[in-house]
Structures are given as C-alpha cells and as structure tokens.
Amino acid sequence: MPKLTILEFPDPRLRTIAVPVEHFDNGLARLIDDMFETMYEAPGIGLAATQVDVHRQLLVLDVSEDKNQPMVFINPRILQRDGEQVYQEGCLSVPGIYADVTRANQIRVQALNRRGESFELEADGLLAICIQHEMDHLAGKVFVDYLSPLKRDMVRKKLEKNRRGRVESESREHSL
Ligand code: ZN
C-alpha cells in the first residue's frame, strides 16, 4: 500500500486550487518524502500534492528510466511555452484510463526547491508534459477535462465499474 492515499476522479477534492507553500520546515520535508514514496510505489512518474489531499503548490516527479532522478517543484510558474506535442497520458487519480492530450512541447519553468531556493528549468518532451500535467492538478484540473463531455462520462462509468470489480491490473507505469 502506498504511504499516502491517492484521490480518484471524480472526487471533488481534486478540484481544490492549491495555495503557495510558505514554510520550508520539517513537515514539508516529510510530506515531500512521503509523496515520492507514494509515487514510486504506485508506480507513477509524477504526483501533485492535490492528489494526496494536500492543497499546497507542490509536485514531485521522476521521468527517468532508472527512477533515480527525483525532482521537486514548489510554487511553480510557467514563464514560457513553445510548440505543441500530443501524448497519451494517464494519471494515478484516473487509474487504467489513457487518452491523448495536446500540450506545449517546450516550457520554461521557475520554482522553488525543497530548501526554498529558486531555480529555473527548460523542459521538453515527457518532462514538459509531466510538469504541465501536475501543475494542472494544483489548479484543480484533471487530464480528462481535455476530453469531450461524452468521453469524460465514459471514463467516469469505466472507473465506477473498475472500482466495483477492482480489475485494476493494468500498468500504471506511465501515470502522472
Ligand atoms: Zn495526474
């Protein structure tokens, strides 16, 4: 069992808009560690605090093959976005569902690290997708919001069915 409970769509708490992190204390350090443990165990490649019912602007991710490049983004802001890319996204809060989403191909992001120090990063490919996906969570958005209402309704029904039968053996490898 992962350390923290991951909220699942359509849980209304996933719609909460996160507030900025202000205190870089032991509590925050513990939360970050617990989020990484939960993300790796799930397994997923990204996790936003919103997904574990903590409504602060914090996300963790690791898009590396070997799962050895943990990254933390606190109070992130996208400074610049360029181009477009389409990727079949999944989400730990929408288990077993994958759908194409169009996002910026390249982004420039500014955030704070776990010690409260500011940094800037240019990202493209999967890293850029992951950051944008997790930042959506902090704004109360889930990737299925990009689907048509009809498709979103199908997702909701499929999830309800899965939950009843718990036939949830599909890989979560690429879930964000
Ligand atoms: Zn997600």
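Placed above this text is the structure.
Let me begin by describing the structure that accompanies this report. As a convention, each chain's residues are numbered from 1 in the sequence order in which they are written. Reporting of local features is limited, given that this is a predicted model, to residues whose pLDDT is at least 70; pairs of side-chain atoms are given and counted only at 80 or more, and all residues count toward the totals for whole chains, interfaces and linings. Just so you know, side-chain values use all the structure's heavy atoms and leave hydrogens and water out.

## Some thoughts on the overall build of the protein
Link 1 in the chain: Secondary structure elements follow DSSP: runs of H or I of four or more residues count as helices, runs of E of two or more count as strands, with numbering from the N terminus. The number of helices and strands found in the protein is three helices and seven strands.
Link 2 in the chain: Listing each helix as α and each strand as β along the protein from the N terminus yields α-β-β-β-β-β-β-β-α-α.
Link 3 in the chain: Compactness check: the protein gives a C-alpha radius of gyration of 15 Å against a globular reference of 16 Å for 176 residues, within 12% of the reference.
Link 4 in the chain: The principal-axis extent of the C-alpha atoms belonging to the protein is close to 45 × 35 × 30 Å.
Link 5 in the chain: Three exposure classes are used, based on accessible area relative to the maximum for each residue type with a 1.4 Å probe and protein chains only: buried under 20%, partly exposed in between, and exposed over 50%. Looking at the 176 residues of the protein, the share that counts as buried comes to 48%.
Link 6 in the chain: Any two residues whose heavy atoms approach within 4.5 Å are treated as being in contact. Taking all contacts inside the protein whose residues are at least 6 apart in sequence as the whole, residues at least 24 apart take part in 68%.
Link 7 in the chain: The Shrake-Rupley method, run with a 1.4 Å probe sphere, supplies the accessible areas, and residue values consider only the shown protein chains as cover. Put simply, the protein shows about 9,000 Å² of open surface, and 48% of that area lies on carbon and sulfur atoms.
Link 8 in the chain: His is not counted, nor are the chain ends; Lys and Arg add positive charge and Asp and Glu add negative charge. Just so you know, the charge point we use is NZ for Lys, CZ for Arg, CG for Asp and CD for Glu. Averaging the locations of the 23 positively and 28 negatively charged side chains of the protein gives two centres separated by 6 Å. Radius of gyration means the value over C-alpha atoms here, while the globule rule gives 2.2 Å times the residue count to the 0.38 power.

## Quick notes on the nonpolar core
Link 1 in the chain: Among the nonpolar cores identified, the biggest contains 19 residues, and Ile32, Met35, Leu47, Leu58, Val60, Val72 and Ile74 are the most heavily contacted of them.
Link 2 in the chain: Those elements giving two or more residues to this core turn out to be helix 1 (26-41), strand 2 (58-61) and strand 3 (71-82).
Link 3 in the chain: Residues within four places of leucine 58 in sequence aside, it is in contact with Val21, Leu28, Leu31, Ile32, Met35, Ala48, Ala49, Val72, Phe73, Ile74 and Leu138.
Link 4 in the chain: Counting residues in hydrophobic clusters, the runner-up holds 18 residues, among them Ala18, Val109, Cys130 and Met135. Note on terminology: a nonpolar core comprises buried Ala, Val, Leu, Ile, Met, Phe, Trp, Tyr and Cys residues joined through side-chain atoms within 4.5 Å.

## Description of the environment of threonine 102
Link 1 in the chain: With respect to the secondary-structure elements, threonine 102 resides in strand 5 (residues 99-103).
Link 2 in the chain: Spatially, the C-alpha atom of threonine 102 lies 6.7 Å from that of tyrosine 87, the residues being 15 residues apart in sequence.
Link 3 in the chain: Residue contacts for threonine 102: discarding those within four places in its chain leaves Glu84, Gln85 and Val86.

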